[in-house]
Amino acid sequence: MSTVISVSGLRKSYGSTQAVAGVDLAIEQGEIFALLGPNGAGKTTTVEILEGFRDCDSGDVRVLDFDPSTKGHAGQSWRDRIGIVLQSTHDAGDLTVFESVSHFAMYYENPKDARDVIELVGLTEKSDALGRTLSGGQRRRLDVALGIIGNPELIFLDEPTTGFDPEARRAFWHLIRKLRDEGATILLTTHYLDEAEALADRVAVINRGKIIEIATPDQLGGRATSLATVSWRDGQDIRSEKSANPTALVASLSAQFGGEIPELNVKRASLEDIYLEMIGVDHA
Amino acid sequence: MRKPTALSIGIERGRLEIRQFLRQRESVVFTMLFPLILLAIFGSVFSNSISEGVTFSQYFVAGMIASGLVNTGFQQLAIMIPVERDFGTLKRLRGTPMPASSYFIGKAILVTLSMLVQVFLLLAAGIAFFGVHLPRSIDKWLLLVALLVLGSACSTILGIAFSNVPKSGRGASAVVSPVVIVLQFFSGVFFIFTDLPHWMQQVAAIFPLKWMTQGARSVFLPDSFATREVAGNWETGRTFAIIAAWLVVGLIWAIRSFKWERD
C-alpha cells in the first residue's frame, strides 16, 4: 500500500481570515476517504489545493508524488492521473452525453472507452440526449463520467449526491464502490453523514481550518465505546437509561418483564450526533 | 494509444464549438442575422449618394463588414467566455490534462468560421441589393485578406482579454454590447466618419474599429474616395500598425488577466 495524498502543515489565508490553519493528512491507495466539515471550515480550500486549483501559503503537499502547485507542462501528465468531479456544473448543455464523454477521452493518455464509462454511470439510454435535457441526477452522473473517463488513479468527488433522490443515491454509492474496487483512491467531500458512513473507509472532520480527528466512521469521536441509550415503556412512562453495558441492562429488563420488553429501543450515537458534537453544535 | 497534440485537440474543440453554436438558435440569429437586418434597414433608408459614384449604402456595407470582425470575435467571446466561467466549463477543463492552448485554438476556429460566414452574407447582400462591387485588383484582394486575418485575430484576442471585465455571465452582454455599439457610432459605421464631431473622431482613432472600417472602405470603395478620408488618403500602413498594436495589447492583457474560474 502506498500513500496517495500526504499533507503536512498546510496553511492558507484569505486576507486576515485563516481558511486552513495547519492541516495534516495521509490518504492511502485504494481507500475512500471522506472529508467532513461545516461550510467555511476549510474543506473546499484544502481540496482545491490538492486539486491544483489553488496555491497554499505554507506546508508540504504531495499528491501522487507530485506538488499540485507546479506550473506549466509538468502538471499535465499529473492531471492525466487524477479525475475531478466538481460541485454542480451546467456546461455542455448543447452536446450529447456521448459527444462530451468521447471528447474528454481525447485529453488523456490512457482513457477508458466512452461507451463503457457511459454504461458504468448508467446513462446508456441517454447517450444521445443533449446535456440540457438531463435531470439533476443524470447531470451529476455525466459529471462523474467526465471525471473518470481518463482512467484516474485518484478521484476527487465534491458533494457528489446533492439533490439526489434516495434511490439515485444508493445507485451512486454502488458506482463509487465499483470504482474503488477497480483500484482508484477516492477523496469525497459531503454534507451527508449517512453517505460518509456508507461509503468511507476513513473520515476526517475539519473545523476552523484544522483537522479535529481522523478515524473509521464507527470509531470516530469514541463512538464505538460511547454509552448506548436504552429506552422502554414502563406503565404510562417511557424510561431511558445510558449504559456502557446495554446487553446486560436489556437482559435484566427482560427478566423483570418476564420476556418481552415493551417498546424496547437501544440506540448508539449516530455518526451525525458525534459529528455535531465535534464541531460544537448544541443539538439537544 | 498516442496522445493527440495541443493542435489536434484544439481542432476537435473547434468542431465542438461550432456544433454547440449551431445548436443554440438564439446565438445563430443574434450573431448572423442581426447585422443583415441592420444592413437592410440602413441601406434602404439612406440610399443617397455621398460622393461621385459612392452611395451611403456602399459606405455602410464596408462599415458593417468591419463590424463583423468585432461582432464575431470581440463581442461573441467577451459574452460567451464569462458564461462558460460561471457554468464551470473552464474550471472543469483546467482540471484535465487538456493544454490551455487547445481551448483558445477552438475559440479561434469558431470565430474564424463565423467571421467568414458573416462577411460572406454581408457581401452577398451588399452586392445583390446595394451596388457593392467585389475588388477588381489582386492588390485589393490581398488587402482584404490581410484585413480579415489581422482584424479577426485582434478582435479575438481582445474578446478573450475583455472576458474578465463582466462580473457575471448573465450580465456580460449588458456590458459588452454597449461598448460595441458606441464604438460603431464613433467609428463611422452608422454615419460618415468625417461628418462626426472632431472630438468623436479623435476618440474613435484610439480604438481599432475605426481603422478596420477605414481599411474596409479602402477595399470596397473607389480609390477616388480616399480624398474624402480624414487624412486625404487611406492610411493603409497606419491602419495595420494600429490594429497590430491592439493585438499586442490584447495578448498581454489576456495572458495577465485570464481566469479559469469565477472568484
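Being a predicted model, the structure only gives us computed values, none of them experimental.

Thoughts on the overall build of chain A
Then, number 1: Helix and strand counts for chain A come out as nine helices and 12 strands.
Then, number 2: Seen along its three principal axes, the alpha-carbon backbone of chain A occupies a region of about 70 × 50 × 35 Å.
Then, number 3: Buried positions account for 50% of the 284 residues belonging to chain A.
Then, number 4: Contacts spanning at least 24 positions in sequence make up 65% of the contacts within chain A whose residues lie at least 6 apart.

Concerning the pattern of salt bridges
Then, number 1: Taken as a whole, this structure holds 29 salt bridges over all chains when the rule is applied.
Then, number 2: Glutamate 48 of chain A serves as the salt-bridge partner of lysine 91 of chain B, at 2.3 Å between the closest nitrogen and oxygen. On the criterion of chain membership, the pair formed by lysine 91 of chain B in helix H4 (residues 89-94) and glutamate 48 of chain A in helix H1 (residues 43-50) is interchain, its members lying in two chains.
Then, number 3: Take lysine 91 of chain B: its relative accessible area is 13%, and that puts it in the buried class.
Then, number 4: Under the relative-accessibility criterion, glutamate 48 of chain A is labelled buried at 8%.
Then, number 5: Here aspartate 143 of chain A and arginine 139 of chain A are joined by a salt bridge, their closest N and O atoms 3.5 Å apart. Of the two residues, aspartate 143 of chain A and arginine 139 of chain A both sit in helix H5 (residues 136-148), four residues apart, roughly one turn of that helix.

What to know about the side chain of serine 163 of chain B
Residue and element names in this part refer to chain B.
Then, number 1: Mapped onto the elements of the fold, serine 163 is located in the loop between helix H6 (138-162) and helix H7 (172-186).
Then, number 2: Judged by relative accessible area, which is 0%, serine 163 ranks as buried.
Then, number 3: Residues contacting serine 163, with those up to four places away along its chain left out, are Leu77, Ala78, Ile81, Pro82, Arg85 and Phe258.

Side note on a nonpolar patch on the surface
Residue and element names in this part refer to chain B.
Then, number 1: Together, Val29, Phe30, Leu33, Phe34, Ile37, Ile41, Val45 and Phe46 make up an exposed nonpolar region whose accessible area comes to about 740 Å².
Then, number 2: If you trace the backbone, phenylalanine 46 turns up in the loop between helix H2 (25-45) and strand E1 (49-51).
Then, number 3: By relative accessible area, which is 39% here, phenylalanine 46 ends up partly exposed.

Overview of the sheet that holds strand E5 (residues 82-85) of chain A
Residue and element names in this part refer to chain A.
Then, number 1: Strands sit in the order E5-E6-E7-E3-E8-E9 across an open sheet of six strands; the sheet is mixed. Of all strands in the sheet, those with a lone pairing partner are E5 and strand E9 (210-215), marking the two edges. Within the sheet, the average angular offset between the axes of one strand and its neighbour, ignoring direction, is 15 degrees.
Then, number 2: Across five bridges, strand E8 (residues 202-207) lies against E9 in antiparallel orientation. By the bridge assignment for E9, isoleucine 206 is matched with isoleucine 211.
Then, number 3: Relative to E5, H5 is tilted by about 165 degrees, and along the sheet it contacts E5 and strand E6 (154-158).
Then, number 4: Its contacts with the sheet put helix H6 (residues 166-181) on strand E3 (32-36), E6 and strand E7 (185-189), and the angle it makes with E7 is roughly 150 degrees.

Concerning the sheet that holds strand E1 (residues 3-14) of chain A
Residue and element names in this part refer to chain A.
Then, number 1: One open sheet holds the three strands; their spatial order is E2-E1-E4, and the pairing between them is antiparallel. The open sheet has two edge strands, strand E2 (17-28) and strand E4 (58-63), and neither has a second partner. Between one strand axis and the next, the sheet turns through 15 degrees on average, direction left out of account.
Then, number 2: In this structure, E1 lies alongside E4, joined through five bridges in antiparallel fashion.

What to know about the confidence of the model for chain B
Then, number 1: For chain B, mean pLDDT is 90; residues scoring 70 or higher make up 99% of the total.
Then, number 2: Mean pLDDT values for the elements of chain B range from 81 in E1 of chain B up to 95 in H6 of chain B.

Re the pairing of E1 of chain A
Then, number 1: Relative to E2 of chain A, E1 of chain A is paired through nine bridges, and the arrangement is antiparallel. Looking across to E2 of chain A, one finds that serine 13 of chain A is bridged to glutamine 18 of chain A.

Overview of the interface of chain B and chain A
Size of an interface, as often reported, equals the accessible area lost when the parts are brought together.
Then, number 1: Taken together, the contact pairs 25 residues of chain B with 28 residues of chain A.
Then, number 2: Summed over both partners, the interface of chain B with chain A comes to about 2600 Å²; 59% of that surface belongs to carbon and sulfur atoms.
Then, number 3: Inspection of the chain B/chain A interface yields five salt bridges.
Then, number 4: Counting residues per element, the side of chain B that touches chain A draws most heavily on helix H1 (residues 6-23) of chain B, at eight residues.
Then, number 5: Here the side of chain B that touches chain A is built from residues that sort into nine nonpolar, seven polar and nine charged.

Thoughts on the packing of H6 of chain B against helix H9 (residues 208-220) of chain B
Residues and elements named next belong to chain B.
Then, number 1: Packing of H6 against H9 brings their axes to within 9 Å, and their N-to-C directions diverge by 160 degrees. In terms of axis orientation, H6 runs roughly antiparallel to H9. Regarding H6 and H9, the two cross each other, and that crossing is left-handed. In contact with Lys140, Leu143, Leu144, Leu147, Gly151, Cys154 and Leu158 of H6, H9 contributes Pro208, Met212, Gly215, Ala216, Ser218, Val219 and Phe220.
Then, number 2: Tallied by class, residues from the contact of H6 with H9 come to 10 nonpolar, three polar and one charged.

Conventions adopted
Residues numbered from 1 in each chain as written. Chains lettered and ligands numbered in written order. Predicted model: local features only at pLDDT ≥ 70, side-chain atom pairs only at ≥ 80, totals over all residues. Heavy atoms only, no water. Helix = DSSP H or I, 4+ residues; strand = E, 2+ residues; numbered from the N terminus. Buried < 20%, exposed > 50% of the residue type's maximum accessible area, 1.4 Å probe, protein only. Contact = heavy atoms within 4.5 Å. Salt bridge = Lys/Arg side-chain N within 4 Å of Asp/Glu carboxyl O. Patch = residues over 30% accessible without salt bridge, like charges linked within 9 Å, V, L, I, M, F, W, Y side chains within 5 Å. Areas by Shrake-Rupley, 256 points an atom, 1.4 Å probe, with all protein chains shown as cover. Pairing = 2+ DSSP bridges. Axes fitted to C-alpha atoms, helices over the stretch in contact; angles between N-to-C directions. pLDDT = per-residue confidence, 0-100. Buried area = accessible area lost by both parts, 1.4 Å probe. Nonpolar A, V, L, I, M, F, W, Y, C, P; charged D, E, K, R; others polar. Parallel < 35°, antiparallel > 145°, perpendicular 65-115°, else oblique. Left-handed = near helix turned anticlockwise from the far one by under 90°.

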